[in-house]
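A closer look at the structure
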Amino acid sequence: MSVHEALYPVESGEIRMNSVTIIVVDDEPQIRRVLKTTLSSRGYSVLEARNGDEALETIRKERPELALLDVNMPGLSGLDTCREIRDSSDMAIIMLTVRDSEKDKMLALDAGADDYVVKPFRTDELLARIRAVLRRTSSTESVPPYSSDDLEIDFERRSLLVQGRPVRLTPKEFELLRLLVASEGKPLEHRRLLQAVWGPDYGDETEYLRVFINRLREKIEPDPTQPTYILTDPWVGYRFEPAKSSALKQKKKAL
């Protein structure tokens, strides 16, 4: 058995993804080579970077859609690289690491990652995770713009203003917010939100939801520690509570 097969055994029936560029960031040449071969064979365009600084430079020039980012790298760590990417980009990020603790997973998600994969992993697992973070909702439901005194959301244009200032959301954050606003005033269960945003295999990943809800609150709430828009319904899920003064504005915009 080859090193490639031992580390990342190939499964049949994989759907190829075209016109998507992925950057593989890892200080191990063998890992980069294996991942490039695997991803290229599935139709992805693949870039490589040996460390965080090289990755940031390549991302600025090439603008890939997704980064596979090793956590443990010399120099700029994977977590710090992830934070740097998030400061200027909403690209998808999957962290790769040999660590499997809940704390490590939370650190990766808090740094801005969309997902977290533990080495060694099977090819089908990695490819499924890639599809999940690149996934866009298949829902055709149109959600009208939302407006309040300090919040302006245009879902069609994917724009968000908080107190008049533009705020960047990642695709997953925007989709989560869209689902909550579409069901304003009604609680949405954890499993429903997870499966709608990430996919059917993520129904039990409640820690993902907790992190992403916290990130949304930090971006849209006047006081994230005392949320007024995104509320928790204990043992159930989350709901979006529109500002009282904004309900009429939203209805007028929908007309």
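One structure accompanies this document, and this report is about it. Computed from a predicted structure; not experimentally measured.

Along the backbone of the protein there are ten helices and twelve strands. Here the protein, with 255 residues, has 49% of them falling under the buried criterion.

This part is about the environment of Phe-240. With respect to the helices and strands, Phe-240 occurs in strand β12 (residues 237-240). The buried category is assigned to Phe-240, whose relative accessible area is 0%. Taking the C-alpha atoms as reference points, Phe-240 and Ala-182, separated by 58 residues in sequence, lie 8.6 Å from one another. Excluding anything up to four places from it in sequence, Phe-240 contacts Tyr-146, Leu-151, Leu-177, Leu-180, Val-181, Glu-184, Gly-185, Tyr-229 and Ile-230.

To continue, consider the pattern of salt bridges. Inspection of the entire model under this criterion finds 19 salt bridges. Between Asp-70 and Lys-119 there is a salt bridge; the shortest N-O distance is 3.1 Å. Remark: Lys-119 occurs in the loop between β5 (115-118) and α6 (123-134) and Asp-70 occurs in strand β3 (residues 66-70); sequence separation between them is 49 residues. Classification of Asp-70 by relative accessible area gives buried; the value is 5%. With its nearest N and O atoms 4.0 Å apart, the salt bridge here joins Asp-154 to Arg-157. The exposure class of Arg-157 is exposed, given its relative accessible area of 68%. Here the salt bridges do not stand alone but share partners, grouping Asp-26, Asp-70 and Lys-119 into one network.

A few words on the pairing of β5. Alignment of strand β4 (residues 92-97) against β5, held across four bridges, turns out to be parallel. Each residue of the ladder has a partner; that of Met-95, found in β5, is Tyr-116. As for the winding sense of the linkage, the β-α-β connection from β4 through helix α5 (residues 102-110) to β5 is right-handed.

Here the focus is the packing of α5 against helix α9 (residues 206-220). Closest axis-to-axis distance for the α5/α9 pair is 10 Å, and the angle between their directions is 35 degrees. In the crossing of α5 with α9, the sense of the turn from one axis to the other is right-handed. Within the contact between the two elements, α5 uses Glu-102, Lys-105, Met-106, Leu-109 and Asp-110 and α9 uses Glu-207, Tyr-208, Arg-210, Val-211, Phe-212 and Arg-215. Here the contact of α5 with α9 is composed, by residue class, of five nonpolar, no polar and six charged.

What follows is about the sheet that holds strand β6 (residues 146-147). Across the sheet, four strands lie side by side as β6-β7-β8-β9; this open sheet has antiparallel pairing. Every other strand in the sheet has two partners, leaving β6 and β9 (165-166) as the edge strands with one partner each. With respect to the sheet, helix α7 (residues 171-182) is in contact with β6, β7 (151-154) and β8 (159-162), its orientation differing from that of β7 by roughly 100 degrees.

The next thing to look at is the pairing of β12. For strand β10 (residues 188-189) and β12, the ladder comprises two bridges, and the chain directions are antiparallel. Within the sheet, the bridge partner assigned to Leu-188 lies in β12 and is Tyr-238. Here strand β11 (residues 230-233) folds back onto β12 in antiparallel fashion, the turn holding three residues, of which Trp-235 has a positive phi close to 70 degrees.

Below, the discussion takes up the nonpolar core. Met-95, Leu-151, Ile-153, Leu-176, Leu-177, Leu-180 and Phe-240 are the most contacted members of the largest nonpolar core, which has 54 residues in total. Not counting chain neighbours up to four residues away, the residues in contact with Met-95 comprise Leu-69, Val-71, Gly-78, Leu-79, Cys-82, Ala-108, Ala-113, Asp-115, Tyr-116 and Val-117. Listed in part, the 20 residues of the second largest apolar core include Tyr-44, Ala-92, Leu-96 and Val-117.

To continue, consider the packing of aromatic side chains. Enumeration over the complete set of coordinates arrives at seven aromatic pairs. Taken together, a centroid distance of 5.9 Å and an interplanar angle of 75 degrees make the contact between Tyr-202 and Tyr-208 edge-to-face. Judged by its relative accessible area of 6%, Tyr-202 is buried. Chaining the aromatic ring pairs together yields one cluster made of Trp-198, Tyr-202, Tyr-208 and Phe-212. Just above the ring of Phe-174 sits the side chain of Arg-158; from NZ or CZ to the centre is 4.8 Å. The residue whose ring lies beneath Arg-215 is Phe-212, and the NZ or CZ to ring-centre distance is 4.1 Å.

Scoring rules and cut-offs
Residues numbered from 1 in each chain as written. Predicted model: local features only at pLDDT ≥ 70, side-chain atom pairs only at ≥ 80, totals over all residues. Heavy atoms only, no water. Helix = DSSP H or I, 4+ residues; strand = E, 2+ residues; numbered from the N terminus. Buried < 20%, exposed > 50% of the residue type's maximum accessible area, 1.4 Å probe, protein only. Contact = heavy atoms within 4.5 Å. Salt bridge = Lys/Arg side-chain N within 4 Å of Asp/Glu carboxyl O. Pairing = 2+ DSSP bridges. Right-handed = clockwise from strand over helix to strand, strands pointing away. Axes fitted to C-alpha atoms, helices over the stretch in contact; angles between N-to-C directions. Left-handed = near helix turned anticlockwise from the far one by under 90°. Nonpolar A, V, L, I, M, F, W, Y, C, P; charged D, E, K, R; others polar. Core = buried A, V, L, I, M, F, W, Y, C linked by side-chain atoms within 4.5 Å. Phe/Tyr/Trp six-rings, centres within 6.5 Å; stacked < 30°, edge-to-face > 60°. Lys NZ or Arg CZ within 6 Å of the ring centre and 35° of its normal.

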